[in-house]
Structures are given as structure tokens and as C-alpha cells.
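# Structural description and commentary
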Amino acid sequence: MKDPYIYHLDTVTLPDFHDLTRLLPFACSTLLFLYIYLAPAFDWPSVHDLGVMLVDFSFATKRDKLKGVFGGDVVGMMRARTLSRSVVDIEREATVGGLVNSGNSCFLNSVLQAFASLDSIPAYLTSISSASPRPTPVSIALNRTLAQLNTSGSHTPRDVVYALSSNRRVVNNEQQDAQEFFQIITGALDDEAAKVSRRRHLGPGMSLKPNRLYPTPAHAIQGERERGMKSPFEGLMANRVGCLSCGYVEAIRHENFTNLSVPLPNERGCTLEQCLQSYTTLERIIGVPCRMCSIITTQKQLEKLISTSPTPLPALVEREELLRTAVDEWNPEHKVLKGVKLPVQIDSTKTKIAAIARGPQALILHINRSALNFTTGVVHKNAAAVSYAPVLDLSRYMSTHAALSTDPRTPLACAEVEGGENHDQYELKSVVVHYGSHSFGHYVAYRKTTNGWFRISDRDIWACTERDVLGEMSNVFMLMYEKMEAAVGEEVVKSSPGRHSMILRETIRGMGRHESHGDVFEDEEGEHNDITTH
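About the criteria used
Residues numbered from 1 in each chain as written. Predicted model: local features only at pLDDT ≥ 70, side-chain atom pairs only at ≥ 80, totals over all residues. Heavy atoms only, no water. Patch = residues over 30% accessible without salt bridge, like charges linked within 9 Å, V, L, I, M, F, W, Y side chains within 5 Å. Areas by Shrake-Rupley, 256 points an atom, 1.4 Å probe, with all protein chains shown as cover. Salt bridge = Lys/Arg side-chain N within 4 Å of Asp/Glu carboxyl O. Helix = DSSP H or I, 4+ residues; strand = E, 2+ residues; numbered from the N terminus. Buried < 20%, exposed > 50% of the residue type's maximum accessible area, 1.4 Å probe, protein only. Contact = heavy atoms within 4.5 Å. Core = buried A, V, L, I, M, F, W, Y, C linked by side-chain atoms within 4.5 Å. pLDDT = per-residue confidence, 0-100. Disulfide = S-S within 2.5 Å. Phe/Tyr/Trp six-rings, centres within 6.5 Å; stacked < 30°, edge-to-face > 60°. Axes fitted to C-alpha atoms, helices over the stretch in contact; angles between N-to-C directions. Left-handed = near helix turned anticlockwise from the far one by under 90°. Nonpolar A, V, L, I, M, F, W, Y, C, P; charged D, E, K, R; others polar. Pairing = 2+ DSSP bridges.

## Observations regarding a nonpolar patch on the surface
A cluster of nonpolar side chains, L31, F33, L34, Y37 and L38, forms an exposed patch at the surface whose accessible area comes to about 560 Å². In this fold, F33 is placed in helix 1 (residues 17-42).

Here it is as C-alpha cells:
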């Protein structure tokens, strides 16, 4: 008789293998559900983005191993068979080059690939290097790298990185932000162009006369060189700030810009036109000191005090007259107020609005996908779908073709000027997309050449269609448009919101109906926040 308190091996019942296989799908689905549920809270990439990143990261490593074992011809055959490409696509892919990933450098590679499709950049870089008797490392290195990207083969961005380090701009693998790298490289080019312009006009010893050490190039004509050295990314933005209480509007200020960081609305999907409209719409700013309101309030108080006093002080009468002069001439910075202190400071509600005064040759749009979760305090990626068109009409967001309004309650461009021609049409040339979460992911570039569109992930190149490019609505990070020249007798195709709105509706179908958040003036303080750039 067996002792019941003694453990015997012959009584152990092992689970059947078939039972484990039946439990495996349930366990995998449970883990997948937990990952999808916990991903937003811990800022993990989505399942789709995780799969795309694993494919992009692993393909280059696998290809190198296969190439070392079987040789380059076998790798080419396997690539052609695996990806099911036609001979035409393979020939097209041989017309562009890739960039080696030196370690988390996809943010750098994607921007350089996007630059290679902008026709206005090479002329700008050549104008900087040819006008300077001294080396301009950034423009020379960038021009050489962009020329390499329009030829087949795998290249390295080492020259650009070294040139930026010589310009006191450090690029390391910990930045991992495509827009930040764009600002670094355009800032370095602007510095080189400014130095060349100063040397050309002044020369050594701050002399305005020409000299033999710094001769003017024979092909350089006064004015023509200045236009050639103008950055294709440079545009002009008009800003207006006005008070809703007193109606005073400050002078419209113009500022240069090289890229526009447009916000995303709190919706599941939107169009690029809606993002630009929110960028150029009226914005209320509450609790801002207004000097004109303070002057008006102080002048009225002094006027009431003087009228009720039988013998007002001469100093009060003089101050009231000075304030009245500033009010009558509607100038809060009037010279008569020099040294006059205002005992009352009035806070009011002001409006701020911006409009594009002059469009750049190359329009760079950054989709700001950073959002703050107010419950957890974690900054996460806004995965809203943004539809965009191959041609963008920028005139509706510009102040060039309209009369400027000084009413703080109305838009900056109040009415369209009659008889003005509109040539502010932009063609989509490059797209930078980001897969992953806010703090982790991978950048891929789409670029357009004379041979069509290409998807480039570091040194891996795939021929694609325009529909593939326009379908990256949930991952688009930067859009690079280039101004179209209107030909004589040729009609420029305008941006069609209906076309890509249809694509957007197809993408967000099944997500449910989202609510409209209405106007910015409908008591929604706290919903519009400054979001950290990813």
C-alpha cells in the first residue's frame, strides 16, 4: 500500500502536447491584447509601427550576412524574388542612392534624402561655395552628398557630419529628431551665406573698395548674387497682435522662417489644410498687460479727479493733457509720455494671428505630433491621420493677395485684392515619416525624382507609387513642397481638398464619429497647449 503522504512519480500526469498547442493561440492573443492596452500608457509603439521597424532594421543585417556567404548576385536575386519586383522597378531603384545607418542616424539620413529631391537646393549651395574665396565646408559637403544620392550605391553622411562639427554644430546619435537636424543644417548654411556676403561687401580691413585679395567674380553682378544666395527655405511671416478691450493693434511685424511647425487638432483625422488654417487663425491670449488700456484708464481717472476738484494740482492737469495727447493720436509709445509712470496696469484679452507674407521656394512643413496626457503627465505621440495632396495652394494662408486688416476681431487678410495673379502653388517633392512612439522609432523618407517615387529606409530603396506616399497619413512627420512655376498658357492644378479628404475618410472608417471642437473662441481654455517638439 502506498503512503498517501509520500510523493510518487508514477502518479504525476504530464500535460498533453496537444493541450499546449491549443493554449498557445489563447496565450498569444492575450499578450497581444495586453500590449495594445498598455502601449498608450507606457508610450510604446503601435503593433503596425513595431512590425515596420523590425522589417526595416532586420533587412539590412540579413542582407549583409547573405552577401558575405553567397555573394552579391545571390542577394540581388533573392531580393528581386522576395519583394516580387518587376525589372522596371529594379532599374528605377538603381537611379538613386542610399545612406548607411551609422547607429541611430535614420533621422539624419531621412532629411538628406528628402533634400536630394529639391531642385532649388543645389543652386543655393553652389552660389555660397563659388562666391567665397575660402572653403565653406557645410555647403560643399552637402552639395556633394546630395549629388551622390542621385546616383546608385550606398553612401555615407560622414562628410556632412564632419562639416557641421567644424561649424560648431554637433550632431550625435542621441538627438534622433529629424526636424532638429533640419534646423541645425539650415542654420549652418545661413551662417556661411552671411559670412560670404560680409566678406564680399567689406573684404579685409572693413574696406568698401574692391581689392586684389578679394576680387569680385566676373560672373557676379550686383543684386544677382544676392538673389542667388537667398535661402530657398526662407519665407516671411506677418504677425499681428491686437487688444479686444480698447481695439489698439500693434504694428504688423514680419519675421523670417525656414519651416512651419503646424499643430494637430484634437481629432482622429484632419487634412493638411485644416492644420494650416489652425496655424493662421485668430488666437485669444487672456491676461496680457495692455499699455493703451492703462493709458486710457489713467487718463479717465485723472479727468474725473480734476473735474471734481475745485483747485486741481497743476501737475495732475499736465499729466492728464499728456495722456490725452497719446490717446488722441492713438500712440501708446508717444514721445510726450517719456518719463511718465502709469499707476494703473490693466490686463486685457488680446488676439494674435499670423499669415504668410512671402512664400519660400521650398516649403517645409513639420507635423507636430507631440501631445501631453494630462492624466499621466506623459508626453506621447499623436497618431492622428493627416491627409495631404500632391499639390498645395498656399495663397489662402497668405497676406500677399489680400488687404491687411487692423481690426483685432477679424483675420489678418480680410479681402482678396482684385486683379492679382496667384502663382503660390507648391508640388510635393519629399515626405519624412516616423514609425514608433514619441521617444522611440525609425525615420523613413519618400522622395520624388524624374523616375517616380521611392521609399528609402537608410540604404534600402523601394520603388513605390504616389498612392503609397499619400497613404502615410498616420506617420507623416515632415512634408517638403517646392514652388511650381506657372507656364504661359498652362493651368496649374490646384490642391483639391475633396480628393484627399476621401482618402482620409477611408483611413479612419470604423474609428467612429469624432466630435468637432468648434472655434477657438468658444471657452476652450486649457485645450490649446504648447507641445514639446519630438
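## What to know about the pattern of salt bridges
Enumeration over the complete set of coordinates arrives at 11 salt bridges. Ionic pairing is found between R324 and E320, a salt bridge with its closest N-O pair at 2.6 Å. On the criterion of helical spacing, the pair formed by R324 and E320 is a turn pair, its members being 4 residues apart in helix 13 (residues 314-328). For R324, a relative accessible area of 37% gives the class partly exposed. Take E320: its relative accessible area is 3%, and that puts it in the buried class.

## Some thoughts on the environment of P312
Tracing the sequence through the fold places P312 in the loop between helix 12 (291-308) and helix 13. Accessibility expressed as a relative area gives 30% for P312, which makes it partly exposed. It is 10.0 Å that separates the C-alpha atoms of P312 and L302, two residues lying 10 residues apart in sequence. The residues touching P312, leaving out its near neighbours within four places in the chain, are I306 and V317.

## Regarding the nonpolar core
Across soluble globular proteins, nonpolar side chains have a tendency to be buried as a group. L112, F115, L142, F181 and I185 are the most contacted members of the largest nonpolar core, which totals 41 residues. Within the residue set of this core, elements represented by two or more residues are helix 5 (106-115), helix 6 (120-131), helix 7 (137-149), helix 8 (158-166), helix 9 (178-202), strand 9 (362-368) and strand 20 (476-483). If you tally residues by element for this core, the top one is helix 9, at 9 residues. Setting aside residues no more than four positions away along its own chain, I185 makes contact with L112, F115, V138, L142, V160 and L164. L264, L365, Y388 and V444 belong to the second largest nonpolar core, which has 37 residues in total.

## Quick notes on the confidence of the model for the chain
With 68% of its residues at a pLDDT of 70 or more, the chain has an overall mean of 76. No element of the chain has a lower mean pLDDT than helix 15 (residues 497-507), which averages 41, and none a higher one than strand 20, which averages 96. Contacts from residues 65-75, a stretch scored under 50 in pLDDT, to residues over four places away or in other chains number 6 contacts. Of the regions scoring below 50 in pLDDT, residues 487-534 engages in 81 contacts with residues more than four places distant in sequence or in other chains.

## Observations regarding the state of the cysteines
Counted by the stated rule, this structure contains 0 disulfides. For C290, which is in no disulfide, the shortest distance to another cysteine sulfur is to C293 and amounts to 3.5 Å.

## Re the packing of aromatic side chains
For the coordinates displayed, the defined rule picks out 6 aromatic pairs. With a centroid separation of 5.5 Å and 70° between ring planes, the pair formed by Y443 and F477 is classed as edge-to-face. Note that Y443 is positioned in strand 17 (residues 441-449) and F477 in strand 20, a separation of 34 residues in sequence. The buried category is assigned to F477, whose relative accessible area is 2%. Aromatic rings pair up to connect F115, F182 and F233 into one cluster.

## Points about unusual backbone geometry
For W330, which is not glycine, the phi torsion reads 55° and is therefore positive. Take W330: it is sitting in the loop between helix 13 and strand 8 (346-358). Phi is positive for D458, close to 60°, though the residue is something other than glycine. Mapped onto the secondary structure, D458 falls in the loop between strand 18 (452-457) and strand 19 (460-464).

## Quick notes on the packing of helix 6 against helix 7
The geometry of helix 6 relative to helix 7 is characterised by a closest axis approach of 9 Å and an angle of 145° between their N-to-C directions. Judged by the twist between their axes, the crossing of helix 6 over helix 7 is left-handed. Note on element contacts: helix 7 touches helix 6 through S139, I140, L142, N143 and L146, opposite I121, P122, L125, T126, I128 and S129. Considering only residue class, the contact of helix 6 with helix 7 consists of 7 nonpolar, 4 polar and no charged.

## Observations concerning the sheet that holds strand 8
Read from one edge of the open sheet, 4 strands run 4-3-8-7, paired in antiparallel fashion. Strands with a single pairing partner mark the edges of an open sheet, and in this sheet they are strand 4 (253-257) and strand 7 (283-290). Shown here is a sheet whose adjacent strand axes are inclined to one another by a mean of 35°, direction ignored. Here 6 bridges tie strand 7 to strand 8, and the two strands are oriented antiparallel to one another. Each residue of the ladder has a partner; that of E283, found in strand 8, is K352. Packed onto the sheet, helix 12 meets strand 3 (235-243), strand 7 and strand 8 and runs at close to 50° relative to strand 7.

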